[in-house]
Amino acid sequence: MSKEIESQMYEFIKNRHDKGETTASRHIHIRFDIEIAKIEKILNKLVQKEMISELYDKEYQEDRFSPISVKE
């Protein structure tokens, strides 16, 4: 995966967080037109790097992501 795409995905998650929203892989798929499997690999990498956190949304029955620390 390209560092550029990883960075763009993080910024997208951060921007949605700034609007009070969490991000699901489907949101990223719609925005970047990347396969869900590739998105999930990148999201897992960002979670491992402790850049984003993952939580399960029972209402939508999907994992959601938010930035752990927002650099201003």
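(A) Just the overall build of the protein chain, in detail. Within the protein chain, the secondary structure is distributed over three helices and two strands. Shown N-terminal to C-terminal, the secondary structure of the protein chain runs as helices and strands in the order α-α-α-β-β. Its C-alpha atoms give the protein chain a radius of gyration of 11 Å, near enough to 11 Å, the size a compact globule of 72 residues would have. Seen through its principal axes, the protein chain has C-alpha atoms that stretch 30 × 30 × 20 Å. Burial analysis of the protein chain (72 residues in total) assigns 35% to the buried set.

(B) A look at the nonpolar core. If you look at the biggest cluster of nonpolar residues, it comprises 13 residues, and the most contacted ones within it are Met9, Ile13, Ile28, Phe32, Ile39, Leu43 and Ile52. Of all the secondary structure elements, the ones that give two or more residues to this core are helix H1 (3–18), helix H2 (25–32) and helix H3 (36–48). Excluding its chain neighbours within four sequence positions, the residues that come into contact with isoleucine 28 are Met9, Phe12, Ile13, Thr23, Asp33, Ile39 and Leu43.

(C) Main features of the packing of aromatic side chains. Following the criterion strictly, the structure yields one aromatic pair and no others. On the numbers, 5.7 Å between centres and 80° between planes, the contact of phenylalanine 12 with phenylalanine 32 is edge-to-face. Of this pair, phenylalanine 12 sits in helix H1 while phenylalanine 32 sits in helix H2, and the two are 20 residues apart along the sequence. Each of the two residues, phenylalanine 12 as well as phenylalanine 32, counts as buried. The ring of tyrosine 60 carries arginine 26 above its face, with NZ or CZ at 5.7 Å from the centroid.

(D) Spotlight on the pairing of strand S1 (residues 52–57). In terms of strand pairing, S1 meets strand S2 (residues 62–67) through six bridges, oriented antiparallel. When the sheet's bridge partners are listed, tyrosine 56 is paired in S2 with aspartate 63. Connecting the antiparallel pair S1 and S2 is a turn made up of four residues, with glutamine 61 showing a positive phi of about 55°.

Conventions and cut-offs
- Residues numbered from 1 in each chain as written.
- Predicted model: local features only at pLDDT ≥ 70, side-chain atom pairs only at ≥ 80, totals over all residues.
- Heavy atoms only, no water.
- Helix = DSSP H or I, 4+ residues; strand = E, 2+ residues; numbered from the N terminus.
- Rg over C-alpha atoms; globule rule 2.2 N^0.38 Å.
- Buried < 20%, exposed > 50% of the residue type's maximum accessible area, 1.4 Å probe, protein only.
- Core = buried A, V, L, I, M, F, W, Y, C linked by side-chain atoms within 4.5 Å.
- Contact = heavy atoms within 4.5 Å.
- Phe/Tyr/Trp six-rings, centres within 6.5 Å; stacked < 30°, edge-to-face > 60°.
- Lys NZ or Arg CZ within 6 Å of the ring centre and 35° of its normal.
- Pairing = 2+ DSSP bridges.

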